[in-house]
Amino acid sequence: MSTATLSDVGLDDRLGRAWKKPHFITNPVLRYALLGVTIIYLYLAVNSIEVNWARVSEGLVRGWEFVKAFGNPDFTSRWTDIREGMIESIIITIASTVVGIAISIPIGLGAARNIAPLPVYIICRAIVAISRALNEIIVAILMVAIFGFGPLAGFITLSFATIGFLSKLLAEEIEDMSRVQAEAIQATGSSWLQWINYGVQPQVMPRLIGLSIYRLDINFRESAVLGLVGAGGIGATLNTAFDRYEFDTAAAILIIIIVIVMALEYLSGVIRARVQ
Amino acid sequence: MLELKKLTKTYATGDQALKAVEVEIPAGQVLALIGPSGAGKSTLIRCINRLVEPTSGSVILNGENITKLSSSGLRRARRTMGMIFQEYALVERLTVMENVLSGRLGYVGFWRAFLRKYPQSDIDEAYRLLDRVGLLAMADKRADELSGGQRQRVGIARALIQDPKLLLVDEPTASLDPKTSRQIMRLICELCAERGLAAIINIHDVALAQMFVQRVIGLQLGAVQFDGPPDGLTPEVLTAIYGEEDWQATIEEVDEDDLENESAAA
């Protein structure tokens, strides 16, 4: 019996009868046709894949080597390189986060429609859009081309990326703030800066701190990637280790990265819980 | 002392919130502004200190035309007009003391305010006011730890520390229980009498208004419909102001429209 006729059935006829959720596609012909088409497509699709089993076995061997290396990471034989790369990465991360936040705050204020005049808003939103449109890797390649290999390129890239991220989210937080709290400060005859300090800042501060720590975390992970295109940091060391098939050293580097990211994650949890 | 001349506000959406309102208020007079939601009560109050920019007409406070002032002149004029809000409008993450002291922002420079280094006289006055509204013990609590009635008292202290000549009071009791509402209204009216302040109080509760004020103005669709003593509010007058009874059902909607209009205009 289909659902259409069931809706005409009275209470007495329904009592004692099992209930089933109506089908997502009510027309049974369409339902089974779609099922059939999906199965045929999957069959054809799987058959169209050409698998070179020789390469798979080769890859599996290499993969297994890598897994074994993880069980036996080598921190010592390239320790100087690892240490230098790590310090460089940490310096890039902290410097770019601090500079990025410092630039993001005024741009974030300008990009909030409820507090900035239209021309300022448009300019700040344009800066945010440009920063967000360009992926970190692309900016890094550009910066390496301009400033040469090394951490300076990484630092500028991540500062630039931080601006897009933080300004946008800060501006959105400001746009969502309680208007009447800000209005009350305005009504006391405060200047614009006082108004920002008393009416706006307390409302957005917890979010700004949370976002800043999150960005620190992102910048550290990105700094590991940027080394691959020559922008300095631990990524360069990691790349070299892979090129030399030194999987045990690569494993050591990855483990250090994971530990640092986990530590940052824990730290951000603690801080965000405290600033509410 | 305060004179509104042909005060008109038309929002960007084309809604006429105020239609050439003419009101004159002598020094020290406490006045209630009643009328249905959407009648323009909030807009009227916000046009006086230009939180909402009036479309035309003028606001004359002690001989000075507020509507013509530059932004620095407006800041100076706003110092003399304390404002009390419907939902208290305290900055919730600041302490009670910071909220009260923020009433002095028009008098102190940026760095003093930023570093919270207010002159001793301001700090003493803040303590005195907190004591007067019965919240001295709460000075270092965060504003969001207080109850509704307590928050409104802090809001009153913040308005009074400005040393205003005029209080603009927007629905001070709308989110309070009946007993607290009376206490807050009594406190506002007592303080006005103590300090010789004029006040315009927007209020929904007609009975509460009649209990405390000397004069009532009824607004309807942005125009003054009634202006007289509280005992002049006969059932006929109230019908003229509020219209049909089943109007009540749409109050919430009108409130929201009003807010949207204001943010569009701000």
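For the structure itself, look to the data block above.
Small disclaimer: the values here were computed from a predicted structure and weren't measured.

Caption draft 1: A look at the overall build of chain A. A tally of helices and strands in chain A yields 12 helices and 0 strands. Start at the N end of chain A and walk to the C end: the helices and strands fall as α-α-α-α-α-α-α-α-α-α-α-α. Taking 276 residues into account, the globule formula puts the C-alpha radius of gyration at 19 Å, and chain A, at 28 Å, lies well above it. Viewed in the frame of its principal axes, chain A has a C-alpha envelope of about 75 × 75 × 35 Å. Within the span of chain A, comprising 276 residues, buried residues form 35% of the whole. Sequence separation of 24 or more characterises 70% of the internal contacts of chain A that already satisfy a separation of 6 or more.

Caption draft 2: Structural detail: the nonpolar core. With 112 residues, the main nonpolar core has Val100, Ala199 and Ile201 of chain B as its most contacted residues. If you tally residues by element for this core, the top one is helix H8 (residues 151–175) of chain A, at 12 residues. Among residues more than four places away in sequence, those in contact with Ala199 of chain B are Val30, Leu31, Leu166, Leu167, Val169, Ile188 and Cys192 of chain B. Counting residues in each nonpolar core, the second largest holds 11 residues, with Ile82, Ile234, Ala241 and Ala252 of chain A among its members.

Caption draft 3: Structural detail: the pairing of strand S2 (residues 16–25) of chain B. Residues and elements named next belong to chain B. Of the pairings in the sheet, the one linking strand S1 (residues 2–10) to S2 comprises 6 bridges and is antiparallel in character. Within S2, the residue paired with Glu3 across the bridge is Glu24. Between S1 and S2, which pair antiparallel one after the other, the connecting turn spans 5 residues, and Gly14 there sits at a positive phi close to 95°.

Caption draft 4: Quick peek at the sheet that holds strand S10 (residues 223–228) of chain B. All names here are of chain B. The sheet built from 6 strands is open, its strands ordered S6-S7-S8-S3-S9-S10 with mixed pairing. The open sheet terminates on both sides in strands that have one partner only, identified here as strand S6 (81–84) and S10. Taking each pair of neighbouring strands and ignoring which way they run, the sheet shows an average axis angle of 20°. Pairing of strand S7 (residues 166–170) with strand S8 (residues 198–202), which is carried by 5 bridges, proceeds in the parallel orientation. The residue of S8 that forms the bridge with Leu167 is Ala199. Strands in contact with helix H6 (residues 148–160) are S6 and S7; relative to S6, the strand with the most contacts, it is inclined by about 170°.

Caption draft 5: The interface of chain A and chain B, seen in detail. The interface of chain A with chain B comprises 19 residues on the first partner and 23 residues on the second. Going through the elements one at a time, helix H9 (179–186) and helix H10 (192–226) of chain A are the ones with two or more residues in the side of chain A that touches chain B. When the residues that make up the side of chain A that touches chain B are grouped by side-chain class, the tally is 7 nonpolar, 10 polar and 2 charged.

Caption draft 6: Spotlight on the sheet that holds strand S4 (residues 56–61) of chain B. Residue and element names in this part refer to chain B. The 4 strands lie next to each other as S2-S1-S4-S5, forming an open sheet whose pairing is antiparallel. Because the sheet does not close on itself, it has two edges, and the strands there are S2 and strand S5 (64–65). Relative to S4, S1 runs antiparallel, the two sharing 5 bridges. Bridge pairing links Leu4 to Val59 in S4. The sheet contacts of helix H1 (residues 41–48) involve S1, S2 and S4, and relative to S2 the element is tilted by about 60°.

Caption draft 7: Fine view of H6 of chain B. Residue and element names in this part refer to chain B. Compared with an ideal rise of 1.5 Å per residue, which puts 13 residues at 18 Å, H6 spans 19 Å between its outermost C-alpha atoms and is within 8% of the ideal. In terms of residue burial, H6 counts as a mostly covered element, since 11 of its 13 residues are buried. If you check which residues of H6 are buried, you get Gln150, Arg151, Gln152, Arg153, Val154, Gly155, Ile156, Ala157, Arg158, Ala159 and Leu160.

Caption draft 8: How the structure looks around H1 of chain B. Residue and element names in this part refer to chain B. A large share of H1 lies buried, amounting to 8 of its 8 residues. For H1, every residue scored as buried is listed here: Lys41, Ser42, Thr43, Leu44, Ile45, Arg46, Cys47 and Ile48. Immediately downstream of H1, the backbone of Arg50 shows phi near 60°, a positive value.

Caption draft 9: Layout of unusual backbone geometry. Residue and element names in this part refer to chain B. Its identity is not glycine, yet Asn62 carries a phi of approximately 50°, on the positive side. Relative to the assigned elements, Asn62 resides in the loop between S4 and S5. Exposure remark for Asn62: the 13 C-beta atoms within 10 Å place this residue in the partly exposed category. Unusually for a residue other than glycine, Tyr88 sits at a positive phi of about 70°. Tracing the sequence through the fold places Tyr88 in the loop between S6 and helix H3 (96–101). Judged by the 26 C-beta atoms lying within 10 Å of it, Tyr88 falls in the buried class.

Cut-off values and rules
Residues numbered from 1 in each chain as written. Chains lettered and ligands numbered in written order. Predicted model: local features only at pLDDT ≥ 70, side-chain atom pairs only at ≥ 80, totals over all residues. Helix = DSSP H or I, 4+ residues; strand = E, 2+ residues; numbered from the N terminus. Rg over C-alpha atoms; globule rule 2.2 N^0.38 Å. Buried ≥ 20, exposed ≤ 12 C-beta atoms within 10 Å, placed from the backbone. Contact = placed C-beta atoms within 7 Å. Core = buried A, V, L, I, M, F, W, Y, C linked by C-beta atoms within 7 Å. Pairing = 2+ DSSP bridges. Axes fitted to C-alpha atoms, helices over the stretch in contact; angles between N-to-C directions. Nonpolar A, V, L, I, M, F, W, Y, C, P; charged D, E, K, R; others polar. Expected span 1.5 Å × (residues − 1).

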